[in-house]
Amino acid sequence: MVATFREMIASTLPSEERFLARLAQMSPGEWADLAQVFAAALPELDAVLTLPGGAHLAASLARARGVTLLDAALPGEVDTWLPLIPPSGEVVLVTEHLQGGGPELEAVALATSHGLRVVAVAAAVERTSAGARGRLELQGVRVYTALQLADTPRGLVFERRAPRRWKERHR
């Protein structure tokens, strides 16, 4: 499933515009296939919390895990998901495209202020050059990604630094 996603993204590189357009064109079925990877790898959770733009992946992950889907429509719209908070409050935050980490950190803070504990962020694509992983991990939030892309002078490329596998990091 990750190989198929990787091939789909590879056909768009090094162009950021083509990459973003392809992400926007992904079908619910393609997101569901990718969600299966996360469903197998993520720790136990009570709910999936989605940021705007990650709805298809988050909904598929929530279905695959049989948990509640919460919408983190950031400040001002908190009431849309507050009544659905599960009792133990451990959630995974889902985003389609992890860049600098600002929206994710804001959602983590908001969730925490309402009694939720964000145990992980799941992202379809991480832009490693933007530094979100380090910011999130400093907050005690693990980061899981299907693909990592690096920004280079020639455009986007697959990250060449070999990240440790999920199982190696989280034994």
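Residues numbered from 1 in each chain as written. Predicted model: local features only at pLDDT ≥ 70, side-chain atom pairs only at ≥ 80, totals over all residues. Heavy atoms only, no water.

Draft legend 1. The arrangement of the side chain of Ser-15 in detail. Relative to the assigned elements, Ser-15 resides in the loop between α1 (2-10) and α2 (16-25). Side chain to side chain, Ser-15 and Glu-17 meet in a polar contact 3.4 Å long. (Helix = DSSP H or I, 4+ residues; strand = E, 2+ residues; numbered from the N terminus. Polar contact = N/O pair within 3.5 Å; in protein donor to acceptor, adjacent residues only side chain to side chain.)

Draft legend 2. Region of the structure containing the nonpolar core. Ranked by internal contacts, the top residues of the largest apolar core, which has 33 residues, are Phe-5, Ile-9, Phe-38, Leu-42, Val-48, Leu-61 and Val-92. For this core, the elements supplying multiple residues, two or more each, are α1, α2, α3 (28-41), α4 (55-65), β3 (90-98), β4 (117-127), β5 (142-152) and β6 (155-158). Each residue touching Val-92, except ones within four places of it in the same chain, is listed here: Leu-42, Leu-45, Ala-47, Val-48, Leu-49, Leu-61, Ala-120, Val-121 and Ala-122. Counting residues in hydrophobic clusters, the runner-up holds 19 residues, among them Ala-72, Leu-116, Ala-123 and Leu-136. (Core = buried A, V, L, I, M, F, W, Y, C linked by side-chain atoms within 4.5 Å. Buried < 20%, exposed > 50% of the residue type's maximum accessible area, 1.4 Å probe, protein only. Contact = heavy atoms within 4.5 Å.)

Draft legend 3. Summary view of α3. The end-to-end C-alpha distance of α3 is 20 Å, a good match for the 20 Å that 14 residues give at a rise of 1.5 Å each. Those residues of α3 not exposed but buried are Trp-31, Leu-34, Ala-35, Val-37, Phe-38 and Ala-39. (Expected span 1.5 Å × (residues − 1).)

Draft legend 4. The pairing of β6, seen in detail. Here β5 runs beside β6; their pairing, made up of four bridges, is antiparallel. From the neighbouring strand, Ala-150 faces β6, where its bridge partner is Val-157. Turn length for the β5-β6 hairpin, with the two strands adjacent in sequence and antiparallel, is two residues. (Pairing = 2+ DSSP bridges.)

Draft legend 5. Representation of the side chain of Glu-126. Considering the arrangement of structural elements, one finds Glu-126 in strand β4. What Glu-126 contacts, discounting residues up to four positions off in sequence, is Leu-98, Arg-133, Thr-145, Leu-147, Gln-148 and Leu-149.

Draft legend 6. Examining the confidence of the model for the chain more closely. Here the chain averages 87 in pLDDT, and 85% of its residues register 70 or above. Element-level mean pLDDT values for the chain span from 46 in helix α7 (residues 166-169) up to 96 in β6. Every residue in residues 166-171 scores below 50 in pLDDT, and together they form 10 contacts with partners more than four places removed in sequence or on other chains. (pLDDT = per-residue confidence, 0-100.)

Draft legend 7. Structural view of α4. Listing the buried residues of α4 in full gives Leu-57, Ala-58, Ala-59, Ser-60, Leu-61 and Ala-62. Packing partners of the buried residues in α4 comprise α3, β1 (47-50), β2 (68-71), β3 and β4. Of the residues trailing α4, Gly-66 is marked for its positive phi of about 70°.

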